[in-house]
Amino acid sequence: MTEKPTAAAAENRPEAKAPTGKRDRLSAVKGMNDILPPESARWEWFEAHVRDVMGVYAYRSIRTPIVEHTALFVKGTGETTDIVEKEMYSFEDRLNGEQLTLRPENTPGVVRAAIEHNLTYDGGKRLFYMGPMFRHERPQRGRYRQFYQLGAEALGFAGPEVDAELMLMVAQLFDRLGLQKVRVELNSLGLLPERLQHRAALIDYFTRHLDALDTDAQRRLQTNPLRILDTKNPAMQELVQGAPQLLSFLGETSLKHFDQVKTLLSACGVAWSINPRLVRGLDYYSHTVFEFITDELGAQGTLCGGGRYDGLFETLGAKPTPAVGWGMGIERVLELIQVQGDALPPLACDAYAVLPDAAALELALPVLQALRQSGVSVQMHAGAEAGMGSMKAQFKKADASGARYALVFGADELTSGSVTIKSLRDGGGAQVARALSDVALWASTLQSAA
Ligand code: ATP
Ligand code: MG
């Protein structure tokens, strides 16, 4: 008897590996994390600060799709980058055969949207985004397959003051988050003719040291020699230290742009240092590149990386438009906050509703609704299907919830049309009775005391 071909075999795609755990339970995909409460509160706290800071710098949010045409990243991220060579989640649309990719970064998506909607028709646009990115990397601390980036892009601005503005924004955000000891490294990639001269000098230098190159570097020597400079191989550090530096190939215009960036940062009290090995190996980058780095997260210490990409619009087929931006790894920033000892914001409600008898629900629920409408957060005891549970058990839950008050809707209270409000903090015990119709008044005193 011949075996019936599976759907996968029929469509000539590999059989899916069973995505199951030991006991046949489904688990999250490797390298992709759930963000659960209470940790999710830290994310929201971070996002609230981001929106604030973006607002005071007049950056507006943009939301682009998570799935884009693969060609966008091949062109816009670059064929010779690690991302495109080995990290993308790409697939073919089953229905129309289009080649699609889960975005590994969002600059290409933002620029595509800007071109498609002609966003810069009336001048520059300052934009930011937050959201998931996908890269097939080896998962480790600070490196995941689904991770979140915050990014800012200033489109249509050529001047060095916008490069500086973007970095000042990061510095201010980090300051607000209470981050310490994050350093700023800068470099300039100058202009294309300068880089071509440097490239020739680099190829010459590395060719003279061919046997000291690892296989990756040997491959890059022809495709993308600049990228050899950011090798992580310890055995190649000495060689790379001695390589010709791009900075010494820069002409007057490039030096002036770079000097202004440095001067403006210093004028605003942001310390920086030059890292001549900070590079981006693609033609559409120019002038400023920068990173915000910590030494407290091991190998994954780059929190934020950015730079000017004046050639990208043209690379994507649009008219030349100067642009500069950065991307920040949100997991890394949140981890640094944790490493530096910042406690999670408390997640407690204002009040916990103790409901000894399900018969109380009809009177109690409208009161809880009124409280919530006036901004008081209330967690309701649930369990009507099992007779609600004893008062003692409910008070235990109320305590554990961290709420400031218990609202007790007992039988006595209900016959007298009132609720008992019992303090759960400061040793607890203090309690008052309030008419049900009067609870909103109590709520207003609560708000002003908070
Ligand atoms: P790295 O050298 O660490 O791989 P990268 O050059 O690939 O970084 P960018 O493409 O510049 O990183 O992305 C901007 C930021 O996004 C990084 O500085 C980092 O904070 C974060 N990031 C990049 N890849 C990951 C990942 N796989 N998991 C978590 N965060 C990441
Ligand atoms: Mg990477």
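Our structure's up above, just so we're on the same page.
Residues numbered from 1 in each chain as written. Chains lettered and ligands numbered in written order. Predicted model: local features only at pLDDT ≥ 70, side-chain atom pairs only at ≥ 80, totals over all residues. Heavy atoms only, no water.

Enquirer: Where do I start with the pattern of salt bridges in this structure?
Expert: Two side chains that carry opposite charge are able to pair once their charged atoms sit near each other. Per the counting criterion, the structure on display carries 22 salt bridges. A salt bridge links Arg-220 to Asp-82; the shortest N-O distance between them is 2.9 Å. Taken as a pair, Arg-220 in helix H8 (residues 215-223) and Asp-82 in helix H4 (residues 82-87) lie far apart in primary sequence, 138 residues in all. What makes Asp-82 partly exposed here is its relative accessible area of 23%. (Salt bridge = Lys/Arg side-chain N within 4 Å of Asp/Glu carboxyl O. Helix = DSSP H or I, 4+ residues; strand = E, 2+ residues; numbered from the N terminus. Buried < 20%, exposed > 50% of the residue type's maximum accessible area, 1.4 Å probe, protein only.)

Enquirer: Any chance you could explain the site of ligand 1 here in plain terms?
Expert: Taken together, 14 residues are adjacent to ligand 1, and Arg-135, Glu-137, Arg-143, Tyr-144 and Thr-302 come closest. For ligand 1, an oxygen atom lies 2.9 Å from a polar atom in the side chain of Arg-135. In this structure, an oxygen atom belonging to ligand 1 sits 2.8 Å away from a side-chain N or O atom of Arg-143. Listing elements by their share of the shell around ligand 1, those giving two or more residues are strand E6 (146-155), strand E10 (302-308) and strand E11 (323-329). (Near = heavy atom within 4 Å. Polar contact = N/O pair within 3.5 Å; in protein donor to acceptor, adjacent residues only side chain to side chain.)

Enquirer: How should I be thinking about the pairing of strand E4 (residues 99-102) in this particular structure?
Expert: If a strand is regular, its side chains alternate between the two faces of the sheet. Sheet topology places strand E2 (residues 67-69) next to E4; 3 bridges connect them, and they run antiparallel. Pairing of Val-67 across the sheet is with Leu-102, part of E4. Summarising the sheet, strand E3 (residues 89-92) and E4 pair through 4 bridges and their orientation is antiparallel. Pairing of Phe-91 across the sheet is with Leu-100, part of E4. The antiparallel hairpin formed by E3 and E4 contains 6 residues in its connecting segment, where Gly-97 sits at a positive phi of about 75 degrees. (Pairing = 2+ DSSP bridges.)

Enquirer: Before we go on, may I ask you to explain the sheet that holds E2 in this structure?
Expert: By way of backbone hydrogen bonds, the strands of a sheet pair with one another, either parallel or antiparallel. As summarised here, the arrangement of the 3 strands in space is E2-E4-E3, forming an open sheet in which the pairing is antiparallel. Lying at the two open borders of the sheet, with one neighbouring strand each, are E2 and E3. Neighbour-to-neighbour, the strand axes of this sheet turn through a mean angle of 35 degrees, independent of strand direction. Here helix H3 (residues 70-78) sits on the sheet in contact with E2, E3 and E4, set at roughly 75 degrees to E2. (Axes fitted to C-alpha atoms, helices over the stretch in contact; angles between N-to-C directions. Contact = heavy atoms within 4.5 Å.)

Enquirer: Teacher, can you tell me more about the nonpolar core here?
Expert: If you look at the biggest cluster of nonpolar residues, it comprises 43 residues, and the most contacted ones within it are Leu-155, Phe-206, Leu-213, Ile-228, Leu-229, Tyr-309 and Phe-313. Take this core: its biggest share by element is 4 residues, from helix H5 (residues 107-116). Counting residues in hydrophobic clusters, the runner-up holds 41 residues, among them Leu-297, Cys-304, Trp-326 and Met-328. (Core = buried A, V, L, I, M, F, W, Y, C linked by side-chain atoms within 4.5 Å.)

Enquirer: Explanation requested: the side chain of Arg-103 in the structure shown.
Expert: With respect to the secondary-structure elements, Arg-103 resides in the loop between E4 and H5. Of the buried charged residues, Arg-103 lacks a salt bridge, with Glu-68 as the closest side chain of opposite charge at 6.7 Å. Among the polar contacts listed, one links the side chain of Arg-103 to the backbone oxygen of Pro-132, at a separation of 2.8 Å. Contact partners of Arg-103, with chain neighbours within four places excluded, come to Thr-64, Pro-65, Ile-66, Phe-73, Gly-131, Pro-132, Met-133 and Phe-134. (Lys, Arg positive; Asp, Glu negative; His and termini not counted.)

Enquirer: Explain H3 to me, please; I cannot follow it from the model alone.
Expert: Three- or four-residue spacings in an α-helix give side chains the same orientation, since the helix completes a turn every 3.6 residues. Listed in full, the buried residues belonging to H3 are Thr-70, Leu-72, Phe-73, Gly-76, Thr-77 and Gly-78. Projected down its long axis, H3 shows its buried positions confined to an angular sector of 155 degrees, all on one face. Buried residues along H3 sit in contact with E2, H4, E3, E4, H5 and helix H11 (312-315). (Arc of directions from axis to C-beta.)

Enquirer: I keep staring at the packing of helix H6 (residues 160-177) against helix H10 (residues 252-267) and nothing clicks. Help me out?
Expert: Packed helices, taken two at a time, are described by the angle between their axes plus the distance between the axes. It is at 8 Å that the axes of H6 and H10 come closest, and there the two elements cross at 40 degrees. Taken together, the axes of H6 and H10 are oblique relative to one another. When you trace H6 past H10, the crossing you get is right-handed. Taking contact as the criterion, the partners of Pro-160, Glu-161, Asp-163, Ala-164, Met-167 and Leu-168 in H6 are, on H10, His-257, Gln-260, Val-261, Leu-264 and Leu-265. (Parallel < 35°, antiparallel > 145°, perpendicular 65-115°, else oblique. Left-handed = near helix turned anticlockwise from the far one by under 90°.)

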